Amino acid sequence: MKIAIASGKGGTGKTFFSVNLAHSLDRELLLLDCDVEEPNVNLFLKGELVEQRDSTLLVPQVDLDLCDGCRVCADFCQFNAIAVIRGVPLIFEDLCHGCGGCTLFCPQKAMDDTPHKIGVISHYHKGKISLIEGRLDVGKALAVPVIRDVKGDKEVAKHPLVILDAPPGTSCPVVWSLSGCDLAILVTEGTPFGLHDLKLAVETVREVGIPFGVVVNRDGLGDERVVTYCQEENIPVVGKIPNDREIATLYAQGKIVVDELPHYRALFTQIWENIASLAKGGRYERVQ
Amino acid sequence: MKGSNKLEELVILSGKGGTGKTTLTSAFAALSDSLVLADCDVDAADLHLILNPTIVKREPFVEGNEAIVDPKLCTGCGYSANFCRFDAFRKEDDGTYSIDTIRCEGCGVCVRLCPASAIKFEERHCGHWMVSKTRFGTLVHAHLQAAGENSGKLVTLVRKEARKIALEEGKKLLLVDGPPGIGCPVISSVTGADKVVLVTEPSLSGLHDLERVSRLAANFEIPVYVCVNKADIAPKLTKEIEKSVKESDNKFVGTIPYDEALVQAQIKGLSPMEYLSAAGRNHIEKLWENIWETN
Ligand code: SF4
Ligand code: SF4
């Protein structure tokens, strides 16, 4: 089973929820950190690095001996990643999406796909938890290829339970993270910003077409509008985590809350049961 | 800003979301009497919830193309599908293919390869952008369609339009609520700006993200001003952040304590400057002054 933890807005506690859920389960599982622009899972997991490799995108390189400056490549590229200046193609690697079109259509076969580093994929391990983290290099623009690399890692298929920490927002990186998952959990908070961004996230998950539930974090902060909205839209609220300054303090220090405060372990266990029955399409007791 | 007539563009960023970037933008908006606002967090725009804008102009946003298979022409040969690097092709029950528009990046490889010319290349509607009137000044904002592509072009467009209006109106400040992260949209929102304000919070993740965004801003050689929100949640970390900022080329402009009144202001749709007590407002006023004085 593959479960994505997402949120329209950043900072609602998505990573907090993923990491604590993983710790509360006490079973073998794989975490995927797909928030490649700001990967934070291992700040909390503090796992041991077991393997690391570059995340690359195939971008073209020109063999100037073969190139006759015909411009076919530049005309084809939809992303303006190639400009032919005085008969010489210049390639802007940061604009290239790695589609392979220029290489394919170059009449002189002067182009060759070469790996261009855009990030790093790291494997960590701690106790029963494995983690694959994607990290976009600072200054690189495209997050999606790194996310694809994380999700496509050969380890992923070996794990019966995968929990994926998705990036915030509603655009491509989120969609790539969610697609192929069995279930999404949207973490939100009871503020107007939280509600507004939750609605956007709901639109996005519906677009991807996977079942989903909501976790209200910092419950008690703000008002009831999020819960009312979920009721109206028939969206299951699988858990509520209280607005507790102790959580904020522990989290700030990079501590795992379910390890420090046992009553929260019980809460996460309960939330997990709700998630599991939601995943099975079953009914579960609605959280009060 | 003070004393000069040149338009200054100030972008508020946070790396990690949820640190109070938009709240602070709305506070700064109330503190400036000559500004235009731009909400560049087009993925999850929230500023309008506080500014209560009256939309005066609304334009569609079209970016790039998407490939669409005409099922009547598709022979089901599957030739193009082999070349798609984005795994966007789906085989339908009737043997034809379709393209998942969410996965399609619009590169056009399949369109050109299809032996039956069954794949159309159509303009992609990604959302819309708007110009609005608010009580603090004109706001340019946008809505990116769910699952749309945020390549940064919409962000660039919003900034460009906002700048145009600011110059027309003779305003001194263009205040930009930036997107989270460090990818395309952020790069698009800081390119060519005058100042970046980073709002962080005292947590390990806040610190980590702060470090990544400041590296990005350094690439663009833009002066960076750092403030810490919810500072008293972890006073030790706040001190650490302050220290590390002071050792860098960035400037530390102050802290804001954890204050639930900020959430109450948000619920009421008010800028913190319209809701907080004088003491609460004072923290923000100090930040604002420090940003302009450390020149
Ligand atoms: S298509 Fe090939 S031959 Fe033509 S300009 Fe590009 S690299 Fe050179
Ligand atoms: S691989 Fe595709 S995106 Fe990259 S330069 Fe070639 S045509 Fe452009």
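Residues numbered from 1 in each chain as written. Chains lettered and ligands numbered in written order. Predicted model: local features only at pLDDT ≥ 70, side-chain atom pairs only at ≥ 80, totals over all residues. Heavy atoms only, no water.

What is the right way to read the overall build of chain B from this model?
Across its full length, chain B carries nine helices and 11 strands. Taking the principal axes of its C-alpha atoms as reference, chain B extends roughly 70 × 40 × 35 Å. The proportion of buried residues among the 295 residues of chain B is 59%. Sequence separation of 24 or more characterises 76% of the internal contacts of chain B that already satisfy a separation of 6 or more. Accessible surface, chain B as shown: approximately 11900 Å² in total, 50% of it carbon and sulfur. Between the centroid of the 35 positive side chains of chain B and the centroid of its 40 negative side chains there is a distance of 2 Å. (Helix = DSSP H or I, 4+ residues; strand = E, 2+ residues; numbered from the N terminus. Buried < 20%, exposed > 50% of the residue type's maximum accessible area, 1.4 Å probe, protein only. Contact = heavy atoms within 4.5 Å. Areas by Shrake-Rupley, 256 points an atom, 1.4 Å probe, with all protein chains shown as cover. Lys, Arg positive; Asp, Glu negative; His and termini not counted. Charge placed at Lys NZ, Arg CZ, Asp CG, Glu CD.)

I would appreciate a short explanation of the pairing of strand 11 (residues 237–242) of chain A in the present structure.
Two faces make up the sheet, and in a regular strand the side chains alternate between them. Within strand 11 of chain A, five of the six residues are buried, which leaves it mostly tucked inside the rest of the structure. As a crossover connection, the stretch from strand 10 (residues 212–219) of chain A through helix 8 (residues 225–233) of chain A into strand 11 of chain A is right-handed. (Right-handed = clockwise from strand over helix to strand, strands pointing away.)

Explanation requested: the pattern of salt bridges in the structure shown.
Under the criterion given, the structure shown has 36 salt bridges over all chains. Note that E133 of chain A is salt-bridged to R135 of chain A, the shortest N-O span being 3.2 Å. Look at E133 of chain A and you get buried, because its relative accessible area is 3%. Overall, R135 of chain A belongs to the partly exposed group, its relative accessible area being 24%. Across the salt bridge formed by D70 of chain B and K120 of chain B, the nearest N and O atoms sit 3.8 Å from each other. (Salt bridge = Lys/Arg side-chain N within 4 Å of Asp/Glu carboxyl O.)

Help me understand the site of ligand 2 in this model?
All residues adjacent to ligand 2 are P60, F76, C77, F79, A81, I82, C96, H97, G98, C99, G100 and C102 of chain A. Here the residues of the shell around ligand 2 sort into nine nonpolar, three polar and no charged. (Near = heavy atom within 4 Å. Nonpolar A, V, L, I, M, F, W, Y, C, P; charged D, E, K, R; others polar.)

What is the right way to look at the packing of helix 1 (residues 14–25) of chain A against helix 11 (residues 262–279) of chain A in this model?
What describes two packed helices is the angle between their axes and the distance between those same axes. Residue and element names in this part refer to chain A. Remark: helix 1 packs on helix 11, axes separated minimally by 9 Å, with the N-to-C direction vectors making an angle of 95 degrees. Classified by the angle between their axes, helix 1 and helix 11 sit roughly perpendicular to one another. Every residue of helix 11 that contacts helix 1 at F16, F17, N20, L21, H23, S24 and L25 is listed here: R265, F268, T269, I271, W272 and I275. (Axes fitted to C-alpha atoms, helices over the stretch in contact; angles between N-to-C directions. Parallel < 35°, antiparallel > 145°, perpendicular 65-115°, else oblique.)

Mind showing me how you'd approach the nonpolar core here?
Side chains that are nonpolar tend, in soluble globular proteins, to be buried together. Ranked by size, the top nonpolar core spans 112 residues in total, and within it L32, L178 and L186 of chain A carry the most contacts. Considering every element that reaches this core, the biggest residue donor is helix 4 (residues 153–168) of chain B, with seven residues. Setting aside its immediate chain neighbours within four residues, L186 of chain A contacts A6, L198, A201, V202, V205, F212, G213, V214 and V215 of chain A. One finds L183, L250, W272 and A276 of chain A within the second-largest nonpolar core, a separate group that totals 38 residues. (Core = buried A, V, L, I, M, F, W, Y, C linked by side-chain atoms within 4.5 Å.)

Which parts of the structure should I look at to understand the sheet that holds strand 7 (residues 137–144) of chain B?
Paired through their backbone hydrogen bonds, the strands of a sheet run either parallel or antiparallel. Residue and element names in this part refer to chain B. With mixed pairing, the nine strands of this open sheet are ordered in space as 3-6-7-2-8-1-9-10-11. The sheet is open, and its two borders are formed by strand 3 (54–69) and strand 11 (251–255), each paired with just one other strand. Neighbour to neighbour, the strand axes of the sheet diverge by 20 degrees on average, direction disregarded. Bridge analysis of strand 1 (residues 8–13) against strand 9 (residues 195–200) gives four bridges, and the strand direction is parallel. When the bridges of strand 9 are listed, V11 appears paired with V196. (Pairing = 2+ DSSP bridges.)

Sorry if this is basic, but what is going on with the packing of helix 7 (residues 192–208) of chain A against helix 8 of chain A here?
All names here are of chain A. Where helix 7 contacts helix 8, the axes come no closer than 9 Å and their chain directions differ by 25 degrees. Put simply, helix 7 runs roughly parallel to helix 8. As for the relative orientation of helix 7 and helix 8, their crossing is right-handed in sense. Of the residues in helix 8, those touching helix 7 at P192, L195, L198, K199, V202 and R206 are R225, V226, Y229, C230 and E233. Its residues placed into classes, the contact of helix 7 with helix 8 shows seven nonpolar, no polar and four charged. (Left-handed = near helix turned anticlockwise from the far one by under 90°.)

When you look at a nonpolar patch on the surface in this model, what are you seeing that I'm missing?
Residue and element names in this part refer to chain A. Judged by side-chain polarity, I85, L90, F92 and L95 come together as a nonpolar surface patch covering roughly 340 Å² of accessible area. Considering the arrangement of structural elements, one finds L90 in strand 5 (residues 88–91). Accessibility expressed as a relative area gives 39% for L90, which makes it partly exposed. (Patch = residues over 30% accessible without salt bridge, like charges linked within 9 Å, V, L, I, M, F, W, Y side chains within 5 Å.)

Explanation requested: the domain arrangement of chain B in the structure shown.
Accessible area lost during the coming together of the parts is what is often quoted as the interface size. In terms of domains, chain B is made up of domain 1 (8–52 + 134–293) and domain 2 (63–125). In this structure, domain 1 of chain B and domain 2 of chain B have C-alpha centres spaced 41 Å apart. (Domains from an automatic or database assignment.)

Would you mind showing me how to read the site of ligand 1 here?
Of all residues adjacent to ligand 1, which total 13 residues, the nearest are C67, C70, R71, C73 and C106 of chain A. Of the residues in the shell around ligand 1, the class split is nine nonpolar, two polar and two charged.

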